[in-house]
2 protein chains.
Amino acid sequence: MHSTQPRTPQECNASMRSVRDALDLLGGKWKLPIIVGLTGGPRRFKQLQREVAGITAKMLSKELKELEINGLITRHVQADAAPVAVTYTLAAYGRTLYPVIEALRSWGQQHRRHIMHPETLEAAAEAEWPEPEALSA
Amino acid sequence: MHSTQPRTPQECNASMRSVRDALDLLGGKWKLPIIVGLTGGPRRFKQLQREVAGITAKMLSKELKELEINGLITRHVQADAAPVAVTYTLAAYGRTLYPVIEALRSWGQQHRRHIMHPETLEAAAEAEWPEPEALSA
DNA sequence: GATAGCGGTTTACCGAAGGATACCGGTGTG
DNA sequence: CACACCGGTATCCTTCGGTAAACCGCTATC
């Protein structure tokens with residue numbers, strides 16, 4: 001643990017740019033929850049709407065479109081079935097988000113524990129930091 | 001690679017809840033970029049504002065307050081220095097976000113490459129999915 | 001004395017994100 | 001027939017995220 005993080009200004013800037021790139025695609029209230037829902041396998045529209053608690057049809061529709069445009073999910077229509085069935089599937093590219101989701105899931109889970117029982121977890125000793133360097137940022 | 005992801009509805013729901021817990025704290029346009037900025041060591045207000053390109057003083061101020069309330073960063077005032085120096089530091093708890101940041105950074109970086117040269121990366125074979133289970137979601 | 005930097009706060013304003021509700025044509029169920 | 005489910009769309013409305021700009025006291029610099 002205590003994974004090494006960027007220290008030089010260059011690394012730091014590059015890191016921030018990458019994070020913001022990711023956030024551009026995944027930002028907002030619903031995109032990641034929707035993707036998490038799809039990690040359980042293909043889902044139909046209403047099914048997904050029930051799973052992602054609180055989302056409206058309008059928002060779900062909008063977010064699904066954006067996710068599809070970005071190649072993260074796939075929309076599949078079965079016209080043969082009685083009431084035309086539409087399923088959404090996590091695309092191969094969407095599955096590359098597993099590490100991101102896992103990191104967020106793990107942190108969120110730990111955070112909930114942290115909120116419940118703060119005292120048991122506060123013991124992470126303060127590491128020493130470099131002096132407040134006068135960076136020409 | 002191909003890290004195992006939740007498959008059962010229960011795991012999926014728990015996963016979604018955790019992700020949304022994390023998003024409640026980290027959501028929005030600026031929080032994660034600010035934290036990334038602070039991974040480089042303590043920063044002063046204006047220094048941070050220059051580093052997090054595009055953020056206004058008001059937003060930075062607001063976001064820093066929220067991050068401090070949640071225990072992710074620490075605000076430190078040196079009253080002795082000539083013009084009162086204020087530094088913001090990633091708290092121990094904030095450092096537990098390293099895996100999240102690393103995952104996002106890595107994905108964002110890869111995504112940029114993906115956008116530039118799509119063809120070279122599309123080769124992730126479709127994995128087999130469980131049938132669209134009739135989940136009582 | 002004027003100007004600039006620091007660490008913000010305040011005011012005013014705007015547009016996008018998000019929410020509520022109704023509705024559509026189609027099908028199957030009682 | 002009435003009703004509910006499906007996969008959405010359309011409309012209206014509110015909230016919030018976010019911007020721009022001025023301003024504050026203080027200090028150092030020209």
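Up top is the structure these notes are about.
Cut-off values and rules
Residues numbered from 1 in each chain as written. Chains lettered and ligands numbered in written order. Predicted model: local features only at pLDDT ≥ 70, side-chain atom pairs only at ≥ 80, totals over all residues. Heavy atoms only, no water. Pairing = 2+ DSSP bridges. Helix = DSSP H or I, 4+ residues; strand = E, 2+ residues; numbered from the N terminus. Expected span 1.5 Å × (residues − 1). Buried < 20%, exposed > 50% of the residue type's maximum accessible area, 1.4 Å probe, protein only. Core = buried A, V, L, I, M, F, W, Y, C linked by side-chain atoms within 4.5 Å. Contact = heavy atoms within 4.5 Å. Arc of directions from axis to C-beta. Near = heavy atom within 4 Å. Polar contact = N/O pair within 3.5 Å; in protein donor to acceptor, adjacent residues only side chain to side chain. Nonpolar A, V, L, I, M, F, W, Y, C, P; charged D, E, K, R; others polar. Axes fitted to C-alpha atoms, helices over the stretch in contact; angles between N-to-C directions. Salt bridge = Lys/Arg side-chain N within 4 Å of Asp/Glu carboxyl O.

(A) Representation of the sheet that holds strand β2 (residues 73–78) of chain B. All names here are of chain B. Pairing is antiparallel across the open sheet formed by three strands, whose spatial order is β1-β3-β2. At either end of the open sheet lies a strand with only one pairing partner, and these are β1 (43–44) and β2. Pairing of β2 with strand β3 (residues 85–90) involves six bridges; the strand directions are antiparallel. Bridge pairing links Gln78 to Ala85 in β3.

(B) Quick look at helix α1 (residues 9–26) of chain B. All names here are of chain B. In this model, α1 (18 residues) spans 25 Å end to end at C-alpha, consistent with the 26 Å of a helix rising 1.5 Å per residue. Among the residues making up α1, those that are buried are Cys12, Ser15, Met16, Ser18, Val19, Asp21, Ala22, Leu23, Leu25 and Leu26. Positive backbone phi, at 95°, marks Gly28, one or two positions downstream of α1.

(C) Examining the nonpolar core more closely. By size, the foremost hydrophobic cluster in this structure holds 62 residues, and its most contacted members are Ile34 of chain A together with Ile34 of chain B. Setting aside residues up to four positions removed in sequence, Ile34 of chain A forms contacts with Leu48, Val52, Ile55, Leu60, Glu63, Leu64 and Leu67 of chain A.

(D) Broad picture of helix α4 (residues 57–69) of chain A. Residue and element names in this part refer to chain A. In this model α4 runs 18 Å from its N-terminal to its C-terminal C-alpha over 13 residues, within 8% of the 18 Å that 1.5 Å per residue would give. Taken residue by residue, α4 has Leu60, Glu63, Leu64 and Leu67 as its buried positions. On an axial view of α4, the arc spanned by its buried residues comes to 105°, and they lie on one face. Structural note: α4 exposes Lys58, Lys65 and Ile69 on the side pointing more than 90 degrees away from its buried face. In this fold, the buried residues of α4 make contact with α2 (31–38), α3 (45–51), β2 (73–78) and β3 (85–90). Backbone geometry just downstream of α4 places Gly71 in the positive-phi region, at approximately 75°.

(E) Summary view of the protein's contact with DNA strand D. Around DNA strand D there are 20 residues in total, and Ser61, Arg75 and Tyr88 of chain A together with Lys29 and Lys58 of chain B lie nearest to it. Within 4 Å of the protein, the contacting atoms of DNA strand D are drawn from sugar and phosphate to the extent of 68%. Measuring from a phosphate oxygen of DNA strand D, one finds a side-chain N or O atom of Ser61 of chain A at 2.6 Å. With respect to DNA strand D, the side chain of Tyr88 of chain A contributes an N or O atom lying 2.7 Å from a phosphate oxygen. Element by element, the count of residues in the surface near DNA strand D is highest for α4 of chain A, at four residues. Counted by class, the surface near DNA strand D contains eight nonpolar, three polar and nine charged residues.

(F) Spatial organisation of the environment of Leu25 of chain A. Note on placement: Leu25 of chain A falls in helix α1 (residues 9–26). For the pair Leu25 of chain A and Leu72 of chain A, spaced 47 residues apart in sequence, the C-alpha to C-alpha distance is 9.8 Å.

(G) Structural detail: the sheet that holds β2 of chain A. Residues and elements named next belong to chain A. Across the sheet, three strands lie side by side as β1-β3-β2; this open sheet has antiparallel pairing. At either margin of the open sheet sits one strand with a lone partner, and together these are β1 (43–44) and β2. Sheet strands in contact with α2 are β1, β2 and β3, and its direction is about 100° off that of β3.

(H) Representation of the pattern of salt bridges within the structure. Residues and elements named next belong to chain A. Going through the model one piece at a time under the given rule, you end up with 10 salt bridges over all chains. When the shortest N-O distance is used, the salt bridge between Glu66 and Lys31 registers 2.9 Å. With Glu66 in helix α4 and Lys31 in helix α2, the pair connects residues that are 35 residues apart, well separated along the chain. Its relative accessible area of 29% is what places Glu66 among the partly exposed residues. With relative accessibility at 7%, the residue Lys31 sits in the buried group. Residues joined in a network through salt bridges with shared partners are Lys31, Glu63 and Glu66.

Remember, this is a structural readout, not a statement about activity or role.
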